[in-house]
Each structure stands twice: as structure tokens, then as C-alpha cells.
Amino acid sequence: MSARLRSIPSVEKVLQALAETGLPRALVVDTVRGELAGYRSKRKIPSFDETVTRVRSALESLRASRIRPVLNGTGILIHTNLGRAPLAEPAADAVRAVAAGYCNLEFDLITGERGDRASYLERALARLCGAEAATLVNNGAAALVLILRHFTVKKREVVISRSELIQIGGGFRIPEILEASGARLREVGTTNKTLTGDYSRAIGRNTGLILKVHRSNFFMGGFVESPAIGDLAALARKKRVPLIEDLGSGAVFDTAQFEGVESEPTPEQALKNGVDLVCFSGDKLFGGPQAGIIAGKAKLITALKQDPFFRAFRCDKLACAGLEATVDLHLRSLAPGAPSTARPNRDRDRETVISARLRASLEDLRKRAHRLLIAVEDLPIKTFVGEGKAQVGGGALPRSSIPSVTLDFMPITMSLEQFAERLRRRRLPVVGYLSGGRFKLDLRSLLPGQDEDLIRAIHSVFRRGGRSDKDSM
């Protein structure tokens, strides 16, 4: 055993063989030590070359897990795994500006004293949502948790339809978040039919609130029925119980204006129908950074902001700056005095990236596709302009199927799987999908300003076996 242990190479020897890795030395040392520590329990010690290869592979996986920009050719506009909504340039500029220095996050520039965080943003959100007041927290789940904890401190029961006990991405389940917040579920109705009377019979002295959850990531058809939100609001007023609606997707404009997209309820519509508070995500159809937005009656918003949990969920300066600029884009797209559901101004400098990608015409996408294919026609690869069906994604508008255009590739010198893997391993990774014996990139999700990067990535795949130091991870 002593001889076997002596055959394990030293950490320093492995480090010298690795040379420059591009990672902090402390992480590299930890990785080497972890690999060598496992050898003590092995009967056969791997060779030195095999050890170096194993460490390189582990470091490559570690390096690949770092956050970096990605070219999204999946056709899913709000791709949760790829960071959800891209920020519009004004929002990205605002984030960069406050990230690089100090800002007046909680400082009143008029009085020179401490100020309120996000006061401008809250006022702008209230106007956009047609609400008395609004506030924000760090994500949509936090918004729901804050509301539940605050309104069920004394009266624990939350009345909710069985058809709305849903699960969204990442294992987030409405029943579990309700119970984790300390609330008790009072389920009413059935999976497919819930009536106003079901809610009425369930409300009692221990009812803290009525919760409506928008089925944003799936739909039900056939023998189904749910009460109109106006009827439920009337019942809530009669019973003196708050009515809360979780809209999830964050649509503040008429989504049905875009081809292939169905109508999505907006916060303004919900509040006009009598809902007391709405909450939704800032990084989905809203098109901003990750945030949870709450809008509704001023007295309820004030109460939430005074809750001890509000501080734990508040947004930092980067999210506030990005969201401010995104709200400004939405407000500038409206005619003076127009409701938020009005058709947006078609000035492309006044819309989010998501709305711009939804608006892109098939004619423009096809012209762009042909330009891109000309730029790679000298490579050993067959290329085609195909048809696609893009999706909104992000747990929103599940029935929407948006006509799109794809770049289709059939490489000659490698398999489709190798081609896809090599594109993912670029310094600027390209992510697409395999379908019908082709590798496809959907142009509705590939941003127009990324064409040169895409061309460079495709060319690099065929250079030196696709692993040049300049372009690979």
C-alpha cells in the first residue's frame, strides 16, 4: 500500500503540467487535490497522463458553468435556462451605469438626506398597472410568499381552486409555497370545475385571503368552468376578504396583437375587475430583470412594505435600475392618457426585446436567413432556410405557436451531435436544437445584433477541428 500511495503524483507536479487554465489558482488547486484524494481508496492508481486528462476535464466542466452570454437559437424567447428576458439597450445601459459606481439608491438628491428606495420606480409601476400603488421584490416567488405571510398571520386559511394548485418550472409548486409560508390551504371545487358558490361556502372566520393563480404555463379545455373574476371580486368585498391574483407572466400590453399569440390577462385588467392585489414577474413578458412586482390598493401595498419580510426580499440597485428603464420603455410606448393595454407605439426604440422579437415579420426573418447562409456557404456543410414555430416560454402563453424562420444545417465532416456540441463549446456558445435530421437555429430568438458573432462561431467549428484557443472555452 505504501508503494501504491507513493505513486500518486504531487499537486505541484499536476499543476505544472496543466500550465495556464484561465481559472483562479485556488480553484485549480482544489480540483487537483480532490482528484488525487480519490486515488487513496483505489486499488490501481491512474497514470500521470490520465490524471492530467481527468483534471483538465473537471476544470473544463467548472469553466463551462460560469455565467456567460449565449446565442439563443432554440426559438424559445423567454428561456428560463438561458436567463429569461434579454434587457433592452436602455435597461442594459442603466444597469451598467450604476454597477460601475455609486448611485442614489436610498439618497434624496434634493434634501441631501436619506431617501426612499425605488420611489420613482414604484410610482411608474403604479401608473403602468393602473393601480393606486405598487412595489417590487426580488422575484415572483418572493412576491407571493410576502403576500401570503402578511395576510395569513392571524387568519391562516387561503381559499384556492383545486384547478389552480399548479407547478411551474424548477419544481416550484403552489401548494408547497403556501404551506411553507405558514398558510393553510382551503381547496375548493374540482380539477375542472369551480363555481363562485364553492368559494362562498369555504370562506369563514379563519379565511385570510382568496388566491387566484393564472394558469400561465398550461391550459384546460372541454368540460371546465371557473367564476368570472368580477364575480369573485364581488364575493370578496361582501365577505371582507382580500382577493389576490398571481398573474405570473407579466404582460402589460395586448399580446394578441402579435401573430400566433393568444391574449394574456394584464395587471390593469385584473385590478379593474376588482382584484385587490396582483403580482407578476419582471423578467418574463415584462422584459426586465428578475423581479416580483406587486400592484393594487395603496393601503395593502403600504402594509406589505412595513412587513419585516419585505426587507429580506427587496431588490438591489442593479435590478432597480434595469426595471426603471424597462418601465419607462413601456410608458413611452403609450399615447398620453392611454391605458396600458393600448397597442404599443411602433417606434422600435420604445419597446422591449421580447416585444420586438414577437413583432419581427417573417419577411425580415427570411431576408436575414439568406444573408447569414451566404456568409457560411464556403464551409463543408449543407445549409437550408427552414420554417419554425417559436414559443414565448418562461411559463407563459402555452398555446401560442409563433411562425418563424430557421437556419438548418447538415455538416458533411462531422455528425449533427458533434456540430451542436462544438457550437456550445465556443467562447460565445451557440445553442440550437436537432429536428428532422438537421441542426436548427431559430431566428426569432437569435437577436439581430448577434449575426456577426454567429457567423464567427460557425466558421470556428471547422477550424483546427473546432477547438482553437481563440474561440473555444
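In this report, the structure presented in the accompanying data block is examined. These figures come from a predicted structure and were not determined experimentally.

In this structure the tally under the stated criterion is 25 salt bridges. Ionic pairing is found between Asp-283 and Arg-84, a salt bridge with its closest N-O pair at 3.3 Å. Placement of Asp-283 in the loop between β10 (277-281) and β11 (292-296) and of Arg-84 in the loop between β2 (76-78) and α5 (89-99) is noted, with a sequence separation of 199 residues between them. Using a relative accessible area of 7% as the deciding quantity, one classes Asp-283 as buried. Of the residues examined, Arg-84 reaches a relative accessible area of 24% and is grouped as partly exposed. Through salt bridges with shared partners, a single ionic network connects Glu-106, Arg-114, Arg-117 and Arg-314.

Where helix α3 (residues 25-37) meets helix α4 (residues 48-64), the axes come as close as 10 Å, and the angle between the chain directions of the two elements is 130°. With respect to α4, the axis of α3 lies oblique. Seen from above, α3 lies across α4 with right-handed handedness. In this structure, α3 uses Leu-27, Val-28, Thr-31, Val-32, Glu-35 and Leu-36 to contact α4, whose residues at the interface are Thr-51, Arg-54, Val-55, Ala-58, Leu-59 and Leu-62. Residue classes in the contact of α3 with α4 are distributed as eight nonpolar, two polar and two charged.

Parameters and conventions
- Residues numbered from 1 in each chain as written.
- Predicted model: local features only at pLDDT ≥ 70, side-chain atom pairs only at ≥ 80, totals over all residues.
- Heavy atoms only, no water.
- Salt bridge = Lys/Arg side-chain N within 4 Å of Asp/Glu carboxyl O.
- Helix = DSSP H or I, 4+ residues; strand = E, 2+ residues; numbered from the N terminus.
- Buried < 20%, exposed > 50% of the residue type's maximum accessible area, 1.4 Å probe, protein only.
- Axes fitted to C-alpha atoms, helices over the stretch in contact; angles between N-to-C directions.
- Parallel < 35°, antiparallel > 145°, perpendicular 65-115°, else oblique.
- Left-handed = near helix turned anticlockwise from the far one by under 90°.
- Contact = heavy atoms within 4.5 Å.
- Nonpolar A, V, L, I, M, F, W, Y, C, P; charged D, E, K, R; others polar.

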